[in-house]
Structures are given as C-alpha cells and as structure tokens.
Amino acid sequence: MLNQSYKSLPNEKGYYGPYGGALVPPILEQALQEVAQAFEEIKKDKKFQAEYGRLLRDYAGRPSPLYLAKNISADLGGAQIYFKREDLNHTGAHKINHCLGEALLAKRLGKKKIMAETGAGQHGVALATAAAVVGLECEIYMGTIDIAKQSDNVTKMKLLGAKVVPVNEGGSSLKEAVDSAFAVYMQEYQDTFFAIGSVVGPHPYPAMVAYFQSVISRELRQQMSEKSKCLPDYLIACVGGGSNAIGLFYDFLDDKAVQLIGVEPSGQGLDSGRHAATLTLGKPGNIHGMKTYLLQNEDASPSAVHSIASGLDYPGIGPFHSFLKDEKRVKYVSADDQEAVKAFVYTSKREGIIPALESSHALAYAYKLAPTLDKEEIIVVNLSGRGDKDIDYVIQEFPEIAFGDILK
Ligand SMILES: *Cc1c(COP(=O)(O)O)cnc(C)c1O
C-alpha cells in the first residue's frame, strides 16, 4: 500500500506508479504543458473557482441529491442502498461537471475553440452545452456509424451551436474519431483546447478531469454526515474511462474503512470476446497518450470492444484506476449486458427512476451485494446518468425483460 495520500497523485510527470504519463509527439508537449500550468493555477484562483461554483450550482443544478432507495433496499433485505443522483444534472449525467471546468479553462487560456471526439454523443452534447454557456466555438468529431445511430444527439449538438465533423475511416466509430480529432488538434493547438471526456489521455487530463469530478465525493461526504453521521461502507460506480467512478471515490480514497468498487462491462460474457472489461482481462499497454491497462490484440493494438452501454465501450481505462487496481485499493468487478438491462428495468419499476445503461452496471452489482450485508450497512451507487437515451434500445432488444414479470 502507498504510504502517502492517494490524493497526492499523480507525480509532476503525470504518473500514477507506472501508469499515465504524456506519451505524445514532441509538437504537443508544449500545448500539454500550457494546459498543465493553467490547471495548477486555477486550483488556487478564487475568481475561477467562484465562476465554476456558480455554474455547477445555478446551471448544472448541484449539489445532486443523495437518495435512499427505500423500496429496493426493503425488497433486497440487506444494506441500505443510496443513489447519488448525477442523473439529475443538467444534460442528464456527470459529464457536465468536467465539461464546464474544461470550457472555463479554455476560456481562461484565451482559446477561441474547444474540440473533442464523441462516441455515442454524450460527451459531445455536454461539451457543446458548456461551450454555449461559456462562449466558445465547439467542434465535435464523430464516426459516421455513430452519427447514423445517434441522430438525436447530433441534432442536439447542432442546435447548441457545435459543428459535428463526420469521420469516415476504419470502423467509423469512437477510436477513429479520437485519432482524427487528435490529428486536427496537432495543427490547431494554438487557438484550440482539446476537451477529453473522461479521466484518460495524456497528463494533465486524467488528473484534471478527476479534479472536476471530485465534487461528487465532497458533496457525498457532507450529505452522509447530515443524514447518518457516518462514512458509507461501499461506494459503487460503473467504469468506462473512469471519470464518474473517480468522482465518487476521490474524497474517500484515504478512508480505508470505505470499500470502493468499480464495475466494468462484461458485455456478452468475459469469454465471449465481446466485452470491455479492461481491468479484468487487459494488460498494461499504451493508448491515447497514456500507459494503462488495455484490452489489446497480439500486436498490442487496442482490441474491438463491446457493451450495450456505449459510454462504457472503451478498450483502455484511466491510469489512476490501473494503479488503484494494482494497489488493491479499489476492487474491480463486472456486470454483463443482461444483468445491466435487468437492473435498468427493475430500478425503473421499483423506484420510478430510469437509469442510464452505464449506471445500470453499477446498480446490478449493488443489487447482488446488498442482500449479503447487514441492514446497518450503507451502499452508495453513483447514478451517473439518466436512461432516456436508452429506452428505445432496451424495448426493442430486450422486450421480454422490459415487459416481463421482473418483480417475480
Ligand atoms: C460517459 C458515461 C459513463 C462512462 O464514463 P466514465 O468516464 O467511466 O464515467 C458512465 N455513465 C454515463 C451516464 C455516461 O454518460
């Protein structure tokens, strides 16, 4: 175990133990240093903090409530299950927390434009929203296959004033969108800010996105002390790149009594080859400017991955999570497509809350764990987003679960 605070990580080069770093072409080193410098400055800048705090509160709707899921806790007959309601944020997920931070940082650096890649469009919509309110041009790179699948989000981004740039190469999906956005950024970094959508990429992005998301755990500590004057026993979050999970864990990393659990998507099964269980089955490698656990092919290229939750569909993972796995500070488990859909439907029917399919992975694991615990124990699940975007898909693909007798 680390003998210093986990919050002292990463080191000045962006390493969490052996993971992380800034593995980019020399031309980008200076651009990243500029971002890293600005990130250090804003931590102490009262004006920045006041404006960020104002937007989180009056615009995004923070603090997000901490809700005791009474019906489900009673059904399962074990631990008390609480939801941290990130689904109630403006734009419907936790992503707005870091998009607002990144947009304000871009503005402070005097950039004209903010750009990013998006897969299903969730990051694109949150970033286009932040760009609109902060007053920046916004350009979103998206694979043509994803554009066809996610027309609602494409329309939203355009309405919010963003330019959606179609990427028609390779699999025409997230990976190609990242490569394409990066190539453009190399040309335009002088007046453009690259806004990464999770705790991934080269230093300082993993640390910076974690910093902006850590508001979740600071609020939670406060809310726990008001409700029950104690620490939670378990914190559970789904893990794609890992931003909502780090946000939930961050303030409790040094509280050894709090058990931290990250839930990865095992898709159609860990032995199906159709999953995105990076920490469960991956090996250290390099992707998108960082060293981290990676699902990789024999030639070390990133594998094709699958999850019904498009936000979890990523072959890499934030480098902090790789370190926390090796340290055994966080336990990483998995839930599959079917389990997530069942949790999605069950939560809708019993609590009147339709969770995102991503968050449903965390819920699925919590519902397995709760009955094995005492009534005095407390589980907090990060409800990272709302499931409106997933309803049509679930009803089409899993009608027997959606309309079946899930309540037994
Ligand atoms: C994007 C997304 C995720 C996955 O991203 P992380 O960086 O792992 O948090 C999870 N839940 C929702 C609702 C999302 O939109």
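Conventions we followed
Residues numbered from 1 in each chain as written. Predicted model: local features only at pLDDT ≥ 70, side-chain atom pairs only at ≥ 80, totals over all residues. Heavy atoms only, no water. Phe/Tyr/Trp six-rings, centres within 6.5 Å; stacked < 30°, edge-to-face > 60°. Helix = DSSP H or I, 4+ residues; strand = E, 2+ residues; numbered from the N terminus. Buried < 20%, exposed > 50% of the residue type's maximum accessible area, 1.4 Å probe, protein only. Lys NZ or Arg CZ within 6 Å of the ring centre and 35° of its normal. Near = heavy atom within 4 Å. Polar contact = N/O pair within 3.5 Å; in protein donor to acceptor, adjacent residues only side chain to side chain. Areas by Shrake-Rupley, 256 points an atom, 1.4 Å probe, with all protein chains shown as cover. Nonpolar A, V, L, I, M, F, W, Y, C, P; charged D, E, K, R; others polar. Axes fitted to C-alpha atoms, helices over the stretch in contact; angles between N-to-C directions. Left-handed = near helix turned anticlockwise from the far one by under 90°. Contact = heavy atoms within 4.5 Å.

K.L.:
Teacher, can you tell me more about the packing of aromatic side chains here?
P.N.:
Scanning all chains against the criterion turns up 14 aromatic pairs. Both rings, one in Tyr19 and one in Tyr293, keep their centres 5.7 Å apart while their planes meet at 35°; by these two values the pair is tilted. In this pair, Tyr19 sits in strand β2 (residues 19-20) while Tyr293 sits in strand β12 (residues 290-294), placing the two residues 274 residues apart along the sequence. Both rings, one in Tyr346 and one in Tyr367, keep their centres 5.4 Å apart while their planes meet at 85°; by these two values the pair is edge-to-face. Taken together, the residues span a long stretch of sequence, with Tyr346 in helix α14 (residues 337-351) and Tyr367 in helix α15 (residues 357-369) at a distance of 21 residues. Just as Tyr346 is buried, Tyr367 falls in that class too. Each residue in the set Phe39, Phe48, Tyr52, Tyr211 and Phe212 is aromatic and connected to the rest through ring pairs, giving one cluster. Note that Lys43 overlies the ring of Phe39, its terminal NZ or CZ placed 4.4 Å from the centroid. Sitting over the ring of Tyr293, Lys325 keeps its end group 5.6 Å from the ring centre.

K.L.:
Explain the site of the ligand here, please?
P.N.:
Inspection of the region around the ligand gives 16 residues, with Lys95, Ser198, Gly240, Gly242 and Ser243 positioned closest. In the environment of the ligand, an oxygen atom lies 2.7 Å from a nitrogen or oxygen atom belonging to the side chain of Ser243. The separation between a nitrogen atom of the ligand and a polar side-chain atom of Ser384 is 2.8 Å. When isolated, the ligand has an accessible area of 380 Å², and the protein chains bury 97% of it. Of the residues assigned to the shell around the ligand, the class counts are 4 nonpolar, 10 polar and 2 charged.

K.L.:
Help me understand the packing of helix α4 (residues 95-108) against helix α9 (residues 205-213), please; the structure alone is not making it clear to me.
P.N.:
In a packed pair of helices, the relevant descriptors are the angle between the two axes and the axis-to-axis distance. Two elements in contact, α4 and α9, have axes whose closest approach is 8 Å; the angle formed by their N-to-C orientations is 115°. The handedness of the crossing between α4 and α9 comes out as right-handed. Of α9, the residues touching α4 (which contributes Lys95, Asn97, His98, Gly101, Glu102 and Leu105) are Tyr205, Met208, Val209, Phe212 and Gln213. Grouping the constituent residues of the contact of α4 with α9 by class yields 5 nonpolar, 4 polar and 2 charged.

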